[in-house]
Amino acid sequence: MSIRTFPEGFLWGAATAAYQIEGAWNEDGKGESIWDRFVRRKYNVLNNDTGDVACDHYHLMPQDVALMKELGMQTYRFSLSWPRILPQGRGAVNEKGLDFYDRLVDNLLAAKILPNATLNHWDFPQAFQDIGGWLNRDSIDWFTDYARVVFDKLGDRVPMWSTHNEPWVIAFRGNAMGTHAPGLCDYSKAYQTAHHLLISHGKTVELFRQDGYKGQIGIVLNLGHFEPGSERESDRAACQRAYEENVALFLDPLFLGRYPEMLFDWIGPHAPQVEGGDFTSINQPIDFLGVNYYTTEVISYALEGGLLKASRVPVSSPGLGHTEMGWGIHPAGLTAVLLNVKEKYGNPTMYITENGCGYKEVPDEKDFVSDWNRVNFLRVHFLAAQDAIQAGVNLRGYYVWSLMDNFEWAKGYGPRFGIVRINYETMSRTPKQSAHWYREVIAQNGVVE
Ligand code: IFM
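Residues numbered from 1 in each chain as written. Predicted model: local features only at pLDDT ≥ 70, side-chain atom pairs only at ≥ 80, totals over all residues. Heavy atoms only, no water.

**Q** How would you explain the sheet that holds strand 9 (residues 296-301) if you had to name every residue and give the values?
**A** Reading across from one edge, 7-9-10 is the order of the three strands in this open sheet, with mixed pairing throughout. Every interior strand has two partners, whereas the edge strands, strand 7 (225-228) and strand 10 (310-315), have only one. Pairwise comparison of adjacent strand axes, ignoring direction, gives a mean angle of 35° for this sheet. Relative to strand 9, strand 7 runs parallel, the two being bridged by four bridges. (Pairing = 2+ DSSP bridges. Helix = DSSP H or I, 4+ residues; strand = E, 2+ residues; numbered from the N terminus. Axes fitted to C-alpha atoms, helices over the stretch in contact; angles between N-to-C directions.)

**Q** Go over unusual backbone geometry with me, naming the residues and quoting the values.
**A** Following A181, the chain continues to P182 via a peptide bond in cis, the omega torsion being 10°. Checked against the element boundaries, P182 lands in the loop between helix 8 (167-175) and helix 9 (187-210). Following W401, the chain continues into S402 via a peptide bond in cis, with omega recorded as 10°. With respect to the helices and strands, the residue S402 is situated in the loop between strand 12 (395-401) and strand 13 (420-422). Despite not being glycine, K309 shows a phi value in the positive range, around 50°. By the element assignment, K309 lies in the loop between strand 9 and strand 10. In this structure K309 comes out as partly exposed when scored by relative accessible area, which is 27%. Unusually for a residue other than glycine, W409 sits at a positive phi of about 50°. Secondary-structure assignment places W409 in the loop between strand 12 and strand 13. When its relative accessible area of 3% is taken as the criterion, W409 is described as buried. (Buried < 20%, exposed > 50% of the residue type's maximum accessible area, 1.4 Å probe, protein only.)

**Q** Give me the lowdown on the sheet that holds strand 3 (residues 75-79), citing residues and values where you can.
**A** With parallel pairing, eight strands are arranged side by side around a closed barrel as 2-3-4-5-6-8-11-12. Each strand axis lies, on average, 25° off the axis of its neighbour in the sheet, ignoring direction. Both strand 2 (residues 11-15) and strand 12 contribute to a ladder of five bridges, which runs parallel. By the bridge assignment for strand 12, L11 is matched with G397. Packing of helix 7 (residues 139-154) onto the sheet brings it into contact with strand 4 (114-120), strand 5 (160-165) and strand 6 (216-222), and relative to strand 4 it is tilted by some 160°. (Contact = heavy atoms within 4.5 Å.)

**Q** Describe in detail the side chain of D52, supporting the description with residues and values.
**A** Here D52 lies in the loop between helix 2 (34-38) and helix 3 (57-70). Judged by its relative accessible area of 18%, D52 falls in the buried class. At 2.6 Å, the side chain of D52 and the side chain of R40 are in polar contact. Apart from the residues within four sequence positions on either side, D52 is in contact with Y19, G23, A24, W25 and R40. (Polar contact = N/O pair within 3.5 Å; in protein donor to acceptor, adjacent residues only side chain to side chain.)

**Q** With reference to specific residues and values, describe the site of the ligand.
**A** In the vicinity of the ligand, the residues found are Q20, H121, W122, N165, E166, Y294, W327, E354, W401, E408, W409 and F417. In this structure, a nitrogen atom belonging to the ligand sits 2.8 Å away from a side-chain N or O atom of E166. Here E408 contributes a side-chain N or O atom positioned 2.5 Å from an oxygen atom of the ligand. For the ligand, whose unbound accessible area comes to 280 Å², protein coverage reaches 95%. (Near = heavy atom within 4 Å. Areas by Shrake-Rupley, 256 points an atom, 1.4 Å probe, with all protein chains shown as cover.)

**Q** Before we move on, can you summarise the pairing of strand 12 with the specific residues and values?
**A** Along strand 12, six of the seven residues are buried, which leaves the element largely enclosed by surrounding structure. Judged from the three bridges that link them, strand 11 (residues 350-354) and strand 12 form a sheet pairing that is parallel. Bridge pairing in strand 12 places I352 opposite Y398. Taken together, strand 11, helix 14 (residues 372-390) and strand 12 constitute a β-α-β crossover, and its handedness is right-handed. (Right-handed = clockwise from strand over helix to strand, strands pointing away.)

**Q** An account of the packing of helix 9 against helix 10 (residues 233-256) is requested, with residue identities and associated values reported.
**A** For the pair helix 9 and helix 10, interaxial distance at closest approach is 11 Å and the crossing angle is 35°. Crossing handedness for the pair helix 9 and helix 10: right-handed. Contact residues: Y187, Y191, A194, L198 and H201 in helix 9; E245, L249, F250, P253 and L254 in helix 10. Looking at the contact of helix 9 with helix 10, its residues break down into eight nonpolar, one polar and one charged. (Left-handed = near helix turned anticlockwise from the far one by under 90°. Nonpolar A, V, L, I, M, F, W, Y, C, P; charged D, E, K, R; others polar.)

**Q** Any details on the side chain of T16? Residues and values, ideally.
**A** Looking at where T16 falls in the secondary structure, it is placed in the loop between strand 2 and helix 1 (18-21). What makes T16 buried here is its relative accessible area of 1%. Within polar-contact distance, the side chain of T16 engages the side chain of Y76 at 2.6 Å. Contact partners of T16, with chain neighbours within four places excluded, come to I21, Y76, R77, F78, S79, W401, S402 and L403.

**Q** Tell me about helix 15 (residues 433-444), and name the residues and values.
**A** Between the first and last C-alpha of helix 15 there are 17 Å, a value that for 12 residues agrees with the 16 Å anticipated at 1.5 Å per step. For helix 15, the complete set of buried residues consists of Q433, S434, A435, W437, Y438, V441 and I442. Contacts from the buried residues of helix 15 go to strand 2, helix 14, strand 12, strand 14 (429-431) and strand 15 (446-448). Immediately downstream of helix 15, the backbone of N445 shows phi near 50°, a positive value. (Expected span 1.5 Å × (residues − 1).)

**Q** Now, about the packing of aromatic side chains: what can you tell me, with residues and values included?
**A** In the structure shown here, the tally under the stated rule is 47 aromatic pairs. Seen from their ring centres, F6 and W12 are 4.8 Å apart, and the 75° between their planes marks the pair as edge-to-face. A relative accessible area of 0% means that W12 is categorised as buried. Where F100 meets Y101, the ring centres are 5.0 Å apart and the plane angle is 75°; that geometry is what we call edge-to-face. What makes F100 buried here is its relative accessible area of 0%. Under the relative-accessibility criterion, Y101 is labelled buried at 0%. Between R84 and the ring centre of Y58, over which it is positioned, the NZ or CZ distance is 4.2 Å. (Phe/Tyr/Trp six-rings, centres within 6.5 Å; stacked < 30°, edge-to-face > 60°. Lys NZ or Arg CZ within 6 Å of the ring centre and 35° of its normal.)

As structure tokens, this is what we get:
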């Protein structure tokens, strides 16, 4: 048995997001988010679950930080709820809301855990949705104003910032597929949303630098790996379209200052309105790229395949199977994603900001879960990341999704992603087998092959 070690200083941690864990949806002056609204429309979410209480992290935060310390976490990635801080999205600051994050950061630093904060992990203020949301070009200024409020309060202590989490999901699941808040079904709106998210990202990076805040700033993208269903020209082209919509739509403007041509020829009238100077705004140098990797899909041409005319089938490596989400377990896809970014975009500093698996789980009488399936999932993905590092990828850290079971958006509390079990009746936290295993990985900065 040999151990594959990671470079010195490699950071190991876990990630969560505000709406998925905090609860306290209307406490201490918090405003309504689009998810607070979306979950109240019947059948939008499995079992009509809501994030109203979630893991009650808003009240149990000190205990959760203590648990992270016990588990040996070196860094913790979390997001801030915009309407908790600015209930109407702008205007008067809700000091109680901002104080919650202030205390979280102080608790983390006291526990020697490096805070990594994301400004937007989907719980956008409903007050702004009512006036057009991300489709309104003013959303760019709304976002930078919000960012400034947060940087002013926490910028002296948070060393890592991300602007948006998974803009593809915000744009397409929320505006074209209707499966996420705000629940719209219009491709033009999805592309326009993506464009405004990108500009707001770039403007925030610019502001961060101009105003001299310390620390590093980047963006987090969900980068899947795509393979064509066959060598046929129609399948290869469909695969290229899927790749360009999910990956190049973001990486090209961020790193190359333009949109991918083939996709834009294909989508025609659905392309966003771009104004002069937009690409300069988007194409700001960033300190790191956050990569969320979950699965690989085989893409084929399909007449019924939506705007892209592409069908998607998740693939898994032999013997690895699928998770509860139906996603194939395919660690080689992670290596491929990282190598693609290295080769096409100048090998930026990268972090795996999310990787993990959701399952239905049955605990024993002590609420303990023997999640050896998750241990194996993480082990093969850590090795895949190591392969990428050996091939020269500039990967500096890894965040497991997720620290704890939580509200999985439209799937409610169905699939559990945590390395810590949440008992939603008692709110007790019980580290699973994977949490104990992960502590060892962190301690030895390596993983058994
Ligand atoms: O739970 C989500 C997270 O909010 C964003 N990335 C994917 C995870 C699993 O679906």
